[in-house]
Amino acid sequence: MTDSSNARFNTEAETWDLNPDVQSATKSALAAILERSPSLSLDNPNKPKVLDLGAGTGLLSLALSPHASTILSIDPSPGMISALETKLTFPNSPKNITPLCALITDPSDPRLNNQKFDIIVSNLVMHHVPNLKEFINLTYGLLSPGGVICLTDFENTGPEARKFHPEDKMDGVERHGLLRSEMEEFVNDAGFTEGKVEVGWVMRKQVERFPGEWKGGKPKSVVLEAEGERCEMDFNFLVVWGRK
Ligand SMILES: C[S@@+](CC[C@H](N)C(=O)[O-])C[C@H]1O[C@@H](n2cnc3c(N)ncnc32)[C@H](O)[C@@H]1O
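Now for a quick tour of the structure. On a predicted model such as this, the values are computed, not experimentally measured, just so you know. (Residues numbered from 1 in each chain as written. Predicted model: local features only at pLDDT ≥ 70, side-chain atom pairs only at ≥ 80, totals over all residues. Heavy atoms only, no water.)

Focus on the side chain of His128
- On the secondary structure map, His128 appears in the loop between strand S4 (117-123) and helix H5 (132-142).
- Reaching out from His128, the side chain makes a polar contact with the side chain of His127 at a distance of 3.0 Å.
- Leaving out residues up to four positions away in the same chain, His128 has contacts with Arg8, Phe9, Gly172, Val173 and Glu174. (Helix = DSSP H or I, 4+ residues; strand = E, 2+ residues; numbered from the N terminus. Polar contact = N/O pair within 3.5 Å; in protein donor to acceptor, adjacent residues only side chain to side chain. Contact = heavy atoms within 4.5 Å.)

Here it is in structure tokens:
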């Protein structure tokens, strides 16, 4: 992670949860994860230990908290983690989430105290990770035997996938989505069994009508709709799954 991308997420942390696309992606990621992970059932008396890598302000961690025994929510951005810490001070906030501000690249990082996890999730993070092969190897190293990854991010379906981000939000974007074949290779190479990469859902998202359009601020949808000029695109989201 570069300093400029860290600065970008520190700046965006305060308004992150107000972005309807982020809320929509979290809801769909939660459904995709629950569907594939029976151990997250609310009825399970032995709830799994979860790691949320690149947790941001903790949207997914908070949604998963009733389904997990504990959740470690890691993010390298101090602004994002501080937003999560604030939420955890609210009355009735979950008590099983631990935020950690760190960029973890090694499963034996001392800040993890030798912890291993039953389920690792990570939503909308992998397009920011410089070396995805190393990231997948890291998740393998952080799992208990029999543990699973259920990682979600948008798919690189070709040059048009660049439109996922407006041009002034490209800081820290390492790739315009995940390549299905590449992810399958990384999952298999890391040693996962039952590796599977599939489209989990499709998200319709408003995009710039031309590169740089939103530099002065995103135009109000209501005006664009009246003018019939709202520009939307469908983005596939991949679910990257594997068992150790
Ligand atoms: C698009 S945000 C997604 C945040 C959260 N997962 C969500 O869905 O709301 C990407 C997050 O990934 C974090 N990040 C960037 N590079 C990372 C890396 N190499 N490892 C872990 N997290 C990273 C950023 O700090 C940022 O909070």
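Back to the text.
As for the nonpolar core
- In terms of nonpolar packing, the biggest core is built from 30 residues, with Ile74, Ile120, Met126, Ile136, Met183 and Val240 touching the most fellow members.
- Every element with two or more residues in this core is listed here: strand S1 (49-53), strand S2 (70-75), S4, H5, strand S5 (143-154), helix H6 (180-190) and strand S7 (232-243).
- Beyond its immediate sequence surroundings of up to four residues, Val240 is in contact with Met126, Ile149, Cys150, Leu151, Leu178, Met183, Val187, Lys196 and Val197.
- Counting residues in hydrophobic clusters, the runner-up holds 29 residues, among them Ile119, Val148, Cys150 and Phe164. (Core = buried A, V, L, I, M, F, W, Y, C linked by side-chain atoms within 4.5 Å. Buried < 20%, exposed > 50% of the residue type's maximum accessible area, 1.4 Å probe, protein only.)

Some remarks on the site of the ligand
- Around the ligand, a shell composed of 17 residues is seen, among which Trp16, Gly54, Asp75, Asn123 and Leu124 lie nearest.
- Asp75 is positioned such that a nitrogen or oxygen atom in its side chain is 2.6 Å from an oxygen atom of the ligand.
- Asn123 has a polar backbone atom sitting 2.8 Å from a nitrogen atom of the ligand.
- Here the residues of the shell around the ligand sort into eleven nonpolar, five polar and one charged. (Near = heavy atom within 4 Å. Nonpolar A, V, L, I, M, F, W, Y, C, P; charged D, E, K, R; others polar.)

Points about the sheet that holds S2
- Taken together, the seven strands give an open sheet; going across it, the order is S3-S2-S1-S4-S5-S7-S6, and neighbouring strands pair in mixed fashion. A strand with exactly one partner marks an edge of an open sheet, and here the two such strands are strand S3 (97-101) and strand S6 (193-206). Between one strand and the next, the sheet's axes are offset by a mean angle of 15 degrees, whatever the strand orientation.
- Judged from the six bridges that link them, S4 and S5 form a sheet pairing that is parallel. (Pairing = 2+ DSSP bridges. Axes fitted to C-alpha atoms, helices over the stretch in contact; angles between N-to-C directions.)

Quick look at the environment of Ser181
- By the secondary structure assignment, Ser181 is in helix H6.
- For the pair Ser181 and Leu64, spaced 117 residues apart in sequence, the C-alpha to C-alpha distance is 29 Å.

A closer look at the environment of Asn44
- Locating Asn44 in the fold gives a position in the loop between helix H2 (20-36) and S1.
- When its relative accessible area of 17% is taken as the criterion, Asn44 is described as buried.
- Here Ser39 takes part through its backbone oxygen, which lies 2.8 Å from a polar atom of the side chain of Asn44.
- Separated by 2.8 Å, the side chain of Asn44 and the backbone nitrogen of Asn46 make a polar contact.

Regarding the pattern of salt bridges
- Counted by the stated rule, this structure contains twelve salt bridges.
- For Arg162, the salt bridge is made with Glu167, and the minimal N-O distance between the two is 2.8 Å.
- Classification of Arg162 by relative accessible area gives partly exposed; the value is 36%.
- The class of Glu167 is partly exposed, set by a relative accessible area of 28%.
- Its salt-bridge partner being Asp234, residue Arg204 comes within 2.9 Å of it at the nearest N-O pair. Pair noted here: Arg204 is in strand S6 and Asp234 is in strand S7, with a separation of 30 residues, a long-range link.
- Each of Arg204, Glu232 and Asp234 takes part in one network of salt bridges that share partners. (Salt bridge = Lys/Arg side-chain N within 4 Å of Asp/Glu carboxyl O.)

Concerning the packing of aromatic side chains
- Going through the model one piece at a time under the given rule, you end up with seven aromatic pairs.
- Note on Phe9 and Trp16: the rings are 6.0 Å apart at their centroids and 75 degrees apart in plane angle, and the pair reads as edge-to-face. Residues Phe9 and Trp16 agree in their burial class; the two are buried.
- Ring-pair connections join several aromatic residues into one group, and the members of that group are Phe154, Phe164, Trp201, Phe235 and Phe237.
- Directly above the ring of Tyr140 sits Lys244, whose terminal nitrogen or CZ lies 4.8 Å from the centroid. (Phe/Tyr/Trp six-rings, centres within 6.5 Å; stacked < 30°, edge-to-face > 60°. Lys NZ or Arg CZ within 6 Å of the ring centre and 35° of its normal.)

So, the pairing of S2
- Summarising burial for S2: five of the six residues are buried, a large majority.
- In this structure, S1 lies alongside S2, joined through five bridges in parallel fashion. Each residue of the ladder has a partner; that of Lys49, found in S2, is Thr70.
- With respect to chirality, the unit in which S1 leads through helix H3 (residues 59-64) into the neighbouring parallel S2 is right-handed.
- Taking the sense of rotation as the criterion, the β-α-β connection linking S2, helix H4 (residues 78-87) and S3 turns out right-handed. (Right-handed = clockwise from strand over helix to strand, strands pointing away.)

Read these as layout, nothing more, since geometry by itself doesn't imply function.
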